[in-house]
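If you want the building blocks of each chain, they are given just below.
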Amino acid sequence: MENPDNKTEVVLLACGSFNPITNMHLRLFELAKDYLHETGKYKVIKGIISPVGDAYKKKSLISANHRVTMAKIATESSDWVEVDDWESSQNEWLETLKVLRYHHQKLASSNPANSLQSAVPLIKPGRKRKQEANRYIPVKKNQLSPDTKGVPQLKLLCGADILESFRIPNLWKLEDITEIMANHGLVCITRAGNDAQKFIYESDTLWQHKNNIHLVEEWITNDISSTKIRRALRRGQSIRYLVPDAVRGYIEKHNLYSSESEDRNAGVILAPLQKYARGCKQEQTL
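Each value, and the rule that gives it
Residues numbered from 1 in each chain as written. Predicted model: local features only at pLDDT ≥ 70, side-chain atom pairs only at ≥ 80, totals over all residues. Heavy atoms only, no water. Helix = DSSP H or I, 4+ residues; strand = E, 2+ residues; numbered from the N terminus. Buried < 20%, exposed > 50% of the residue type's maximum accessible area, 1.4 Å probe, protein only. Contact = heavy atoms within 4.5 Å. Expected span 1.5 Å × (residues − 1). Phe/Tyr/Trp six-rings, centres within 6.5 Å; stacked < 30°, edge-to-face > 60°. Lys NZ or Arg CZ within 6 Å of the ring centre and 35° of its normal. 1 Å grid on protein atoms, 1.4 Å probe; cavity = no way out; pocket = protein on both sides within 12 Å on 5 of 7 lines; lining within 4 Å. Points joined across faces, edges and corners; volume = space filled by probe spheres on them. Nonpolar A, V, L, I, M, F, W, Y, C, P; charged D, E, K, R; others polar. Axes fitted to C-alpha atoms, helices over the stretch in contact; angles between N-to-C directions. Left-handed = near helix turned anticlockwise from the far one by under 90°. Patch = residues over 30% accessible without salt bridge, like charges linked within 9 Å, V, L, I, M, F, W, Y side chains within 5 Å. Areas by Shrake-Rupley, 256 points an atom, 1.4 Å probe, with all protein chains shown as cover. Salt bridge = Lys/Arg side-chain N within 4 Å of Asp/Glu carboxyl O. Lys, Arg positive; Asp, Glu negative; His and termini not counted. Charge placed at Lys NZ, Arg CZ, Asp CG, Glu CD.

Colleague: I tried to follow the environment of isoleucine 177 on my own but got confused; where do I start?
Modeller: Looking at the element boundaries, isoleucine 177 is found in helix H6 (residues 174-183). Accessibility expressed as a relative area gives 6% for isoleucine 177, which makes it buried. Between the C-alpha atom of isoleucine 177 and that of threonine 96, which follows or precedes it by 81 residues, the distance is 9.4 Å. The residues touching isoleucine 177, leaving out its near neighbours within four places in the chain, are Phe166, Trp172, Thr205 and Leu206.

So, in structure tokens, the structure goes:
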């Protein structure tokens, strides 16, 4: 979408566990926004945090209800970053591409310049809104063009670990990576000495779409991670100034992280690995 300043409007979408959300998660949005604005080409108008659902089956993943609530608490003071609970409310795990498609359709449907009569409705006719509002309805590939008139560009915000994860067998589908890169692109926060450029060089798919991958170097380094936060909590150590104070209070009030919670989903295969590995086996038997 072009504004009067001839800058392309952008919405940043961050998917992940947020288990729990940390100050570093919030900093990713600020770093990406500064970078895009400094190019002189973009205007970031919104940031969206989309916590993954419980069906992802990641080890130590506490309930989505708590993770979404903490994310909402953490962003209460932000005038541009918000939390969306659609992904986390699904009964099954959804690929990141499907989440991007959903939010692109949502952006397009909220723009009066576009007609979505041919698109799949978010709520099916004849059903109660309360029952259908959060139900996942597949959006077919290319059903909504990323260049829909008047719609901001939706870009996936991530860390360099996402680029690296593209190489893990059965974690991502190649066609999903291709569509994410071609239709949306990445804003990837990296650190000095990081191998992000190498990951791109070693992947034909990433190299083909390298112009749609924005690498943002984090000069004021911050090594906060959810894993380290949970470890500190298990050991009775302070996490003050590592997460927003209100989030720290919520964690303490509900006693969210312990040795027991860390073992949640232990031994369970991650949802994408289950799904894609099963698909490969089925193809081999055909």
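Colleague: What is the right way to read helix H3 (residues 96-109) from this model?
Modeller: Because an α-helix completes one turn every 3.6 residues, residues spaced three or four positions apart along the sequence face the same direction. Along its 14 residues, H3 runs 20 Å from first to last C-alpha, staying within 8% of the 20 Å computed at 1.5 Å per residue. Across the 14 residues that make up H3, a large majority, 11, are buried. Buried within H3 we find Thr96, Leu97, Val99, Leu100, Arg101, Tyr102, His103, His104, Gln105, Leu107 and Ala108. Residues of H3 that are buried sit in contact with strand S1 (8-16), strand S2 (42-51), strand S4 (153-159) and H6.

Colleague: Just checking my understanding: could you explain the packing of aromatic side chains for this structure?
Modeller: The description of two aromatic rings rests on the distance between their centres and on the angle between their planes. In total, this model carries five aromatic pairs according to the counting rule given. An angle of 0° between the planes, with centres 3.7 Å apart, marks the rings of tryptophan 86 and tyrosine 102 as stacked. Of the two residues, tryptophan 86 sits in the loop between strand S3 (81-83) and H3 while tyrosine 102 sits in helix H3, which places them 16 residues apart along the sequence. Neither tryptophan 86 nor tyrosine 102 differs from the other in exposure class; each is buried. Residue placement shows arginine 240 over the ring face of tyrosine 241; its charged tip is 6.0 Å from the ring centre.

Colleague: Help me out: how do you make sense of unusual backbone geometry in this one?
Modeller: Peptide bonds are trans in most cases, and residues, glycine excluded, mostly fall at negative phi. Between asparagine 19 and the following residue, proline 20, the backbone shows a cis peptide bond with an omega angle of 0°. Structurally, proline 20 can be placed in the loop between S1 and helix H1 (23-38). A positive phi angle is found at asparagine 255, which is not glycine, with a value near 45°. Secondary-structure assignment places asparagine 255 in the loop between helix H10 (245-254) and helix H11 (259-262). Backbone geometry places asparagine 265, a non-glycine residue, at a positive phi of 65°. Looking at the element boundaries, asparagine 265 is found in the loop between H11 and helix H12 (271-285).

Colleague: What's the story with the layout of surface pockets in this structure? I'm lost.
Modeller: Rolled over the atoms, a probe as big as a water molecule pinpoints where empty space is left. Computed from the structure, the largest pocket encloses a volume of approximately 1,300 Å³. What lines the largest pocket is a set of 50 residues, among which Cys15, Gly16, Lys58, Asp161 and Ile162 lie closest to the centre. Those elements that provide at least two residues to the lining of the largest pocket are S1, H1, S4, helix H5 (160-165), strand S5 (186-191), helix H9 (226-234) and H12. The residue inventory of the lining of the largest pocket, partitioned by class, reads 24 nonpolar, 14 polar and 12 charged.

Colleague: What should I look at first to understand the packing of H3 against H6 in this one?
Modeller: At a minimum axis distance of 9 Å, the contact between H3 and H6 shows a crossing angle of 35°. Judged by the sense of rotation from one axis to the other, the crossing of H3 with H6 is left-handed. Here Leu97, Leu100 and Arg101 of H3 come into contact with H6, specifically with Asp176, Glu179 and Ile180. Of the residues belonging to the contact of H3 with H6, the class tally is three nonpolar, no polar and three charged.

Colleague: Could you clarify how one ought to interpret the side chain of histidine 184 in this entry?
Modeller: For histidine 184, the location among the structural elements is in the loop between H6 and S5. We classify histidine 184 as buried; its relative accessible area is 6%. Filtering out sequence-adjacent residues up to four positions away, histidine 184 remains in contact with Leu100, His104, Leu154, Lys155, Glu179 and Asn212.

Colleague: Which parts of the structure should I look at to understand a negative patch on the surface?
Modeller: Residues Glu30, Asp34, Glu38 and Asp79 make up a contiguous surface patch of negative charge. Relative to the elements of secondary structure, glutamate 30 occurs in helix H1.

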